[in-house]
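Coordinate analysis (summary)
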Amino acid sequence: MALWNWHTLINSPAAFFNTIITLAKRICTGISSAEMGKTPAQTGDKPENIPTAGFLGKIAAAEQKTPLVPMPDPDDPRYDADRAAYEADKKAYEAALQARGAAVAGIIAAGLRTQPYDMLQELLDQPKDAMPFFKPAVGPAVVVRHAHVIKCLERTDLFTVDPYVLEMVKANDDNARNPELSPPFMLGTDKDEWYLPDDVLLRRVVSRQDEKILTALARQEAEYWTQRAKEEGRGEIDIVPTLARFVPLRIVSDYLGVHYYSAGEPSCLPGLRGGDTFPLDDELRQVFTFQQIQEGIVPTGDTLFNWVKDAFRNIFNNFNPADPLFAQFRRQGLQATEYLTAYTHELLKFYKGQLQRGEIVPDTMLTRLLRLQLNLANGQDTALEQELQAALGSLLPSGELGRRLSDSQIRANVFGTVVGGVVNPEEASARVIDAILSLKDGKYPVSNGSTYQRALEMAQVPAGDPRETESLGILRKYALEGLRLEPQGEVLIRRCIKDNTELDGIPIRKGTMVFISHAAAMRDPEAVPDPLAFDITRDERPVAYHKDRTRGNEAPQSALYLQHGFGRHKCLGRYASEITLQETLRAMLRLGNLERLGHLQMDDRNLYAVSLRVGFS
């Protein structure tokens, strides 16, 4: 009997179907000879203990239908006079691996695509001593227990993010054209020499000190859409294409510095309006190859959203060349990358010129990086070099700081931050509202007074009221607790990079792909008491970062709420994201009593939020 039950969610990560199928061949190459050719009984599973139902039953059936064969030893004397026999046995071994890997991958993919929470719950319900985590003989591991998830996310020396890097570096300059090729955006690397300097720089320009700025931007945008809904007089709003989408877009535009404009609205670029095109810059073309576009565009809000979505999908959700839409998504992703690169370059040139002339510019991530660049060039920021030395424990190589603050690296880092700044917050905002509606409808047991009515009351506290700070803190907890119960996405991908890595004494081979379920970890009853209850008084379990020298000004991270990750790759935009969720929830509750008019709808691949209609009175 399950310790507790997952509720069924509409969102199912079809993206991981593509991922698993594509990675199956890579995973197979790392199988050790000691384990090949063994039946389940030989690997320690007695036939009577093989499950016959559920996800594990399907895995067992798939493994029985795809028996493995021993890996041939090229030094075996029987092959001395018959190398053709060795080659034949080698091919049979590889074919068996491929068949087993594809079969197991297909079952995992189907589980994640159609019934992710049933699958994760089944794994979490297994006796810990019998199955600490899911580790088939061939295929990716699936980690669901809280302690294991924390270790996999925190130990970047064991589990790396490099599966994401291949498409992420498409936003970088060409290596052949620009020998000073910048490292990939820090989300795609765990190499200290690449990651740490950018971690220091970017957390200097995207800071927890900006909470008031972010709150004002998010509140203004959220209240614009709720006021518009009231004026329309229909008593309903679809949150996805309104608040959920445009609050994070507003952060991208006015805080990160990649602006969007209404069609025909004058832009900051001289002579250009929203929707206008411009020629690709000659200097940029010398270091960056454009294959998909012939000119740049000043984006409208919808255009910028589509660029971000297409680039995000290509980097994180488009792994399987056999998918009928793989080529289309790859082309759209590259096109979006090129449009974002061309436009960001124009913004960079414009604001850099203004700064050089001593003119006033908006205070954004982009202009803050440009200020650092100019101060370094003028010898005016020795404090930055000292900060980096203190954080890294050593001096950067000569010229490295200038390279990290080059136009190319600034452009690539702004690109990486922008691409991660819209699609996930959009779905997360929708899921928070969905969870609050579920709380209102009695779906979750309520603990410690965490009622819908209390959230409604906290949202009514006006700006400037002595209770405002307290009320916002409470609304933040409602948002995080709602997202714990209804998270966007279920797993993160890492690759094991060290042989004999262990979780509870069970080894994981180097090269194994590991699916890390932060969603399951937030409901692990060993770590989260009464995990299905809605309780805003939960201890967030704040802990310092594993690599804390570069995070001296950061707030501690929560070991409970893992929606923004944990460890080194804790989301750079965590403060902006939490404020986005808080202000979206506040604005919606200030509409009055909310009523569900429909379920959260996802796109036809169950990847992106499409609609959540909410009534109000």
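Overview of the structure. Residues take numbers from 1 onward in each chain, read along the sequence in its written order. Where local features are concerned, this predicted model is filtered to residues with pLDDT of at least 70; where side-chain atom pairs are given and counted, the filter is 80 or more; whole-chain, interface and lining totals use all residues. Side-chain descriptors were evaluated using all non-hydrogen atoms of the structure, hydrogens and water having been removed beforehand.

**Here we look at the sheet that holds strand 2 (residues 159-160)**
Spatial ordering of the open sheet is given by 1-9-6-2, a layout of four strands whose pairing is mixed. Taken across any chain shown, the strands that pair with only one partner, and hence form the sheet edges, are strand 1 (141-143) and strand 2. Packing of helix 5 (residues 146-154) onto the sheet brings it into contact with strand 1, strand 2, strand 6 (492-496) and strand 9 (513-516), and relative to strand 9 it is tilted by some 125 degrees. Strands are treated as partners if at least two bridges between them are detected by DSSP. The way it works is that DSSP assigns letters per residue, a run of H or I at least four long becomes a helix, a run of E at least two long becomes a strand, and they are numbered from the N terminus. Working rule for contacts: check all heavy atoms of both residues, and any pair within 4.5 Å makes them a contact. Axis definition: a line fitted to C-alpha atoms, limited for helices to the stretch in contact. Angles are taken between N-to-C directions and run from 0 to 180 degrees.

**Concerning the side chain of S517**
For S517, the location among the structural elements is in the loop between strand 9 and helix 20 (518-521). A distance of 3.0 Å separates the side chain of S517 from the backbone oxygen of E490, its partner in a polar contact. Engagement of the side chain of S517 in a polar contact is seen with the backbone nitrogen of A520, the distance being 3.0 Å. Those residues within four positions of S517 in sequence are excluded, and the remaining contacts are L120, V143, V144, V149, E490 and V491. Counted as a polar contact is a pair of N or O atoms within 3.5 Å, where, for protein atoms, one must be capable of donating a hydrogen and the other of accepting one, and residues adjacent in sequence contribute only when both atoms are in side chains.

**Concerning the packing of aromatic side chains**
Stacked, edge-to-face and tilted are the three classes for Phe, Tyr and Trp ring pairs, Trp counted by its six-membered ring, which pair at centre distances within 6.5 Å; planes under 30 degrees apart are stacked, over 60 edge-to-face, the rest tilted. Applying the stated criterion across every chain yields a total of twelve aromatic pairs. With a centroid separation of 4.8 Å and 45 degrees between ring planes, the pair formed by F312 and F316 is classed as tilted. Residue F312 and its partner F316 are both found in helix 11 (residues 301-316); the two are separated by four residues, about one turn of the helix. What makes F316 buried here is its relative accessible area of 14%. Only protein chains enter the accessibility calculation, which uses a 1.4 Å probe; a residue whose area is less than 20% of its type maximum is buried, one above 50% is exposed, and one in between is partly exposed.

**Details of the side chain of E426**
For E426, the location among the structural elements is in helix 17 (residues 423-440). For E426, the residues in contact, after removing those within four places along its chain, are V240, A244, R245, P248, F305 and A609.

**Here we look at helix 2 (residues 54-65)**
Take the number of residues in a helix, subtract one, and multiply by 1.5 Å to get its expected span. In this model, helix 2 (twelve residues) spans 17 Å end to end at C-alpha, consistent with the 16 Å of a helix rising 1.5 Å per residue. Among the residues making up helix 2, those that are buried are F55, L56, G57, I59, A60, A62 and E63.

**Quick word on the environment of G264**
Along the chain, G264 turns up in the loop between helix 9 (240-256) and strand 4 (277-279). In this structure the C-alpha to C-alpha distance between G264 and V298, which are 34 residues apart in sequence, comes to 10.0 Å. Not counting the four nearest positions on each side in its chain, G264 is found in contact with R273 and G274.

**Overview of empty space enclosed by the protein**
The distinction between a cavity and a pocket rests on a 1 Å grid over the protein atoms alone: a 1.4 Å probe fits inside a cavity but cannot get out, while a pocket stays open yet meets protein on both sides within 12 Å along at least five of seven lines, and a residue with an atom within 4 Å of a point counts as lining. Grid points are joined across faces, edges and corners, and a volume is the space filled by probe spheres set on the points. On inspection of all chains with the given rule, the structure shows four cavities of 30 Å³ or more. Put simply, the second largest cavity is a space of about 50 Å³. Around the second largest cavity sit K135, P136, G139, P140, A141, I508, R509 and T512, which together line it.

**Regarding the layout of surface pockets**
For the second largest pocket, the calculated volume is near 710 Å³. Along the walls of the second largest pocket sit 27 residues, with E211, R476, E578, I579 and Q582 positioned nearest its centre. Put simply, the parts of the chain that give the lining of the second largest pocket at least two residues each are helix 8 (211-232), helix 19 (468-485), strand 11 (557-558) and helix 21 (574-589). In terms of residue count, the dominant contributor to the lining of the second largest pocket is helix 19 (six residues). Three categories are distinguished: nonpolar for Ala, Val, Leu, Ile, Met, Phe, Trp, Tyr, Cys and Pro, charged for Asp, Glu, Lys and Arg, and polar for the others, with Gly belonging to the last. When its residues are assigned to classes, the lining of the second largest pocket shows nine nonpolar, nine polar and nine charged.

**With respect to the sheet that holds strand 15 (residues 613-616)**
One open sheet holds the three strands; their spatial order is 3-15-12, and the pairing between them is antiparallel. Whereas interior strands pair on both sides, the edge strands pair on one side only; in this sheet they are strand 3 (236-238) and strand 12 (594-596). Across the sheet, the mean angle separating the axes of adjacent strands is 30 degrees when strand polarity is ignored. Looking at chain direction, strand 12 and strand 15 are connected through three bridges and run antiparallel. Within strand 15, the residue paired with E595 across the bridge is G615.

**A word on the environment of D407**
Within the secondary structure layout, D407 lies in helix 16 (residues 407-419). Each C-alpha atom, one on D407 and one on K349, is 8.8 Å from the other, the two residues being 58 residues apart in sequence. Residue contacts for D407: discarding those within four places in its chain leaves L348, K352 and Q373. Side-chain polar atoms of D407 contact the side chain of Q373, separated by 2.8 Å.

**Overview of the pattern of salt bridges**
The salt bridge definition used is simple: a Lys or Arg side-chain nitrogen within 4 Å of an Asp or Glu carboxyl oxygen. Scanning the entire structure with this criterion turns up 34 salt bridges. Measuring nitrogen to oxygen at the nearest pair gives 2.7 Å for the salt bridge that ties R368 to D210. With R368 in helix 13 (residues 365-377) and D210 in the loop between helix 7 (192-205) and helix 8, this residue pair connects regions lying 158 residues apart in the sequence. Like D210, R368 is buried.

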